Structures are given as C-alpha cells and as structure tokens.
Amino acid sequence: MATILDSVDQRTQLVGENRLELLMFRLQSSQLFAINVFKVKEVVKLPPLNSLPNSHPKVCGVATLRGHSIPVINLREAIGMRPLPIDEECNLIVTEYNRTVQGFLVGKVENIVNLTWQNIMPPPNTVGKAHYLTAITKVEHEEQQRLVEIIDVEKVLAEIVTYNIEITKGTLDEAIVNEFVGRKVLHADDSPTARRQVSDTLEQLGLNVIGVENGMEALKLLKQWCDEGKVVKDEILLLITDAEMPVMDGYKLTYEIRNDPRMSDLYIALNTSLSGSFNNAMVEKVGCDAFISKFQPDLLVEVAQTRLKQVLGKD
C-alpha cells in the first residue's frame, strides 16, 4: 500500500484537462468514500499512535513517520458516524491541506480511479445541510456501478482547526481601503466552508462576494454579463477560483475565460488547498494572475488590494 501513490507526480498532467484521480477507501462499511489524489502524500498501514493531551476529540492520536509527528483524525467519527475501531484493516492516508500535514484513519484502501470533472456531481439536496460531502460520483468497482461519496475535507478540518479570518494590522493600505466598498468579487468553490471563509474575510473590506459552486456556474454568469453587453472587469474586481470543482475545474475555467476576447483580461486568482511548485506552474500555464494557498486571510486581502491598486492606477 505504501507504493500505491508512487507515480502521483506523473499524474499532474491531468489537472488543466478537467480531469482528476480519486483515492477510494472504506470506513469499515460497504460505502465507498474518496478524496483527490493530489492532496495525498502517502498511504501506509496504521503505525502505533501516541496520545495527544488536550487534543480535539476527533484526533485519536499522533503518528510518527520518518521523524515527523502527524496528528491522526478518525475520519469516520469526523463525518458524524461512530468512531472507526482500530483493527488490522486500518490504514493512514497522509494528506496536505492548507499548508498543514495530517493523517486520516480509514479502513480498507481500495484503488485510484481516473475521471473527468464532468462525472463529478454536487451532493443531492436530499442529504441536507449537515453532510460532509463535497461531491458524489459513480464508478465501475468489482464489476458493478458503485456510488462514491467524496468527502469535504475542508469542512472536516475547519471543525477541528479554527481558521482565523482576522486581517493583520498593517496589511491594508489606509489610503485606498475605502475604495473596496461596494465592489464585487466572484468566487467559485464547491466547498461551502471555503466559500464562507473567503466571504467572511473579504466582506470585512466592504466587498460584495458572489459565490458559485463550480467553474461552469462561474463561466455561465460571466458569459451572461457579456451577452448583456456588460464589461466583465467593470462588474467585478476579480475572480477567485478553486482548482478542484465538479463539472469544471478552476484551470479549465481560466482557460475558457482567457480564450473569450470579451473577458480575456479579467483578473483571476487561484485559491486552493493544493500547494507547492506544481500550482505555480499551472498558474503560469493557464494564465492566472495570482495564486493563494488556502487559507491565508492576509494573502487573500493582499491579492484583492493589488488588483484594486491596478484599477485605481496606483500599482
């Protein structure tokens, strides 16, 4: 199992082509769950756990891997089910989100599937608002079509690690801060938690944040404005987009915008929990103007401020 992700670095060409790969696993039930491979550092059999005093109840301990201590989250418990009992089937999925490394305690790890984002659908309305899903899909597994529930890891982590939306003193340029008031920002992200974090940060500046759930919704809105004769960059200060979203990802969204002369000059910031030089390369390849690793309120504000200065001719 430790080698299941050995070729992950060779798969980065999928991103930018509206494709993704999912790592599927179980939580000691028949239901299949998944997370995106690009957020996974490795998969190992569960090592011995040490207790972590005063930790969150859903953190079941600390694992030591190659000299590094990694908090381990009982994923079954974190999504509202009974805690996953530890047995010989347990595995540890080590992930990197928002510049932090953590492990998720899971049951059997199945395999990796290669899909297009068009095959990834938002959760049905029937699941209510208390769910921990960012999307669902269907895959061929063991010679039958199986439903796969894709976990909203950002929501899981937000309930364990409190994200600060406070803007550090000195970040804002007081000479132009009032110019934010009433301007609009379009934000595309499939995670309600991520949309809330961005809006709670930027609304402190007086910005109005228009939230949509995926790249296709953002593109349809932008094209609608164009068809109505509106100048897109006058309608919104900038577009903030997640990288990974159902139907259309942020890279494909950026590509479509750059190839429509009516809005090709729109300022686009990629805001994602994926990190590293890979994203910087993709930003350059598809033509984004900025990259912000989630969740850093000061950097989010600085990007908005950089764009505002351009608009005001003060950059």
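Described in the following lines is the structure provided in the data block. Keep in mind that what you see is a predicted model, and the values were worked out from it rather than measured.

### Points about the pattern of salt bridges
Tallying each qualifying case throughout the model produces 15 salt bridges. For arginine 262, the salt bridge is made with aspartate 227, and the minimal N-O distance between the two is 2.7 Å. Note that arginine 262 is positioned in the loop between α6 (250-258) and β15 (268-272) and aspartate 227 in helix α4 (residues 215-227), a separation of 35 residues in sequence. What makes arginine 262 partly exposed here is its relative accessible area of 39%. Between glutamate 228 and lysine 230 there is a salt bridge, and its shortest N-O distance comes to 3.3 Å. Look at glutamate 228 and you get partly exposed, because its relative accessible area is 44%.

### Notes on the pairing of β15
A large share of β15 lies buried, amounting to five of its five residues. The alternating pattern of β15 places Ile268, Leu270 and Thr272 on one face and Ala269 and Asn271 on the opposite face, and all of these are buried. The pairing of strand β14 (residues 238-241) with β15 spans three bridges and is parallel. In the sheet register, isoleucine 240 faces β15, and the bridge partner there is alanine 269. The parallel pair β14 and β15 is bridged by α6, and the resulting crossover is right-handed. Pairing of β15 with strand β16 (residues 290-293), which is carried by four bridges, proceeds in the parallel orientation. When the sheet's bridge partners are listed, threonine 272 is paired in β16 with serine 293.

### Some details on the packing of aromatic side chains
Inspection of the entire model under this criterion finds one aromatic pair. Ring plane angle 25° and centroid distance 6.3 Å describe the contact between phenylalanine 25 and phenylalanine 33, whose orientation is recorded as stacked. Judged by its relative accessible area of 0%, phenylalanine 25 falls in the buried class. A relative accessible area of 4% places phenylalanine 33 in the buried class. Seen from the ring of tyrosine 132, lysine 155 lies directly overhead, with NZ or CZ sitting 4.5 Å from the centre.

### Brief notes about the sheet that holds strand β8 (residues 100-106)
Taken in spatial order, the six strands make up an open sheet running β3-β7-β8-β6-β5-β4, and their pairing is mixed. Since the sheet does not close on itself, it has two edges, and those belong to β3 (40-45) and β4 (49-50), each with one partner. The sheet contact formed by strand β6 (residues 68-74) and β8 spans three bridges and is parallel. Bridge assignment links isoleucine 73 to a residue of β8, and that residue is phenylalanine 104.

### Focus on the packing of α4 against α6
Think of two packed helices as two axes; the pair is described by the angle between the axes and how far apart they sit. Running from amino to carboxyl end, α4 crosses α6 at an angle of 20°, the nearest separation of the two axes being 9 Å. By the angle between their directions, the pair α4 and α6 is classed as roughly parallel. In this structure, the crossing between α4 and α6 has a hand that is right-handed. Side by side, α4 and α6 meet where Gly215, Ala218, Leu219 and Leu222 of the first sit next to Leu253, Glu256 and Ile257 of the second. Taken together, the residues that form the contact of α4 with α6 break down as five nonpolar, one polar and one charged.

### Section: α6
Along α6, the residues that are buried comprise Gly250, Tyr251, Leu253, Thr254 and Ile257. Burial along α6 is one-sided: seen end-on, the buried residues are contained in an arc of 160°. Where α6 begins, the capping side chain belongs to aspartate 249, and its oxygen is found 3.1 Å from the backbone nitrogen of tyrosine 251.

### A closer look at the sheet that holds strand β1 (residues 19-25)
Neighbouring strands of a sheet are bound in pairs by backbone hydrogen bonds; such pairs are parallel or else antiparallel. Sheet architecture is open: five strands sit in the order β9-β1-β2-β11-β10, paired in mixed fashion. Looking at strand neighbours, the two that pair on one side only are β9 (109-116) and β10 (133-141), the edges of this open sheet. Between one strand axis and the next, the sheet turns through 35° on average, direction left out of account. Taken together, the six bridges between β1 and β9 define a ladder with antiparallel strand orientation. Among the inter-strand pairings, leucine 23 is bridged to a residue of β9, identified as isoleucine 112.

### Thoughts on the environment of arginine 262
Between the alpha carbons of arginine 262 and valine 231 there is a distance of 7.7 Å; along the sequence they are 31 residues apart. Setting aside residues up to four positions removed in sequence, arginine 262 forms contacts with Lys223, Cys226 and Asp227. A polar side-chain atom of arginine 262 sits 2.7 Å from a polar atom in the side chain of aspartate 227.

### Structural notes on the nonpolar core
Ranked by internal contacts, the top residues of the largest apolar core, which has 25 residues, are Phe25, Leu75, Phe104, Ile151 and Val156. Mapped onto this core, the elements with two or more residues apiece are β1, β2 (32-36), β3, α1 (75-78), β7 (91-97), β8, β9 and α2 (153-158). Looking at which element gives the most residues to this core, the answer is α2, with three residues. Counting 24 residues, the second-largest nonpolar core is a separate cluster that includes Ala188, Ile236, Tyr251 and Ile268.

Reading the values: the criteria
- Residues numbered from 1 in each chain as written.
- Predicted model: local features only at pLDDT ≥ 70, side-chain atom pairs only at ≥ 80, totals over all residues.
- Heavy atoms only, no water.
- Salt bridge = Lys/Arg side-chain N within 4 Å of Asp/Glu carboxyl O.
- Helix = DSSP H or I, 4+ residues; strand = E, 2+ residues; numbered from the N terminus.
- Buried < 20%, exposed > 50% of the residue type's maximum accessible area, 1.4 Å probe, protein only.
- Pairing = 2+ DSSP bridges.
- Right-handed = clockwise from strand over helix to strand, strands pointing away.
- Phe/Tyr/Trp six-rings, centres within 6.5 Å; stacked < 30°, edge-to-face > 60°.
- Lys NZ or Arg CZ within 6 Å of the ring centre and 35° of its normal.
- Axes fitted to C-alpha atoms, helices over the stretch in contact; angles between N-to-C directions.
- Parallel < 35°, antiparallel > 145°, perpendicular 65-115°, else oblique.
- Left-handed = near helix turned anticlockwise from the far one by under 90°.
- Contact = heavy atoms within 4.5 Å.
- Nonpolar A, V, L, I, M, F, W, Y, C, P; charged D, E, K, R; others polar.
- Arc of directions from axis to C-beta.
- Polar contact = N/O pair within 3.5 Å; in protein donor to acceptor, adjacent residues only side chain to side chain.
- Core = buried A, V, L, I, M, F, W, Y, C linked by side-chain atoms within 4.5 Å.

By themselves, these observations are geometric and do not establish any function.
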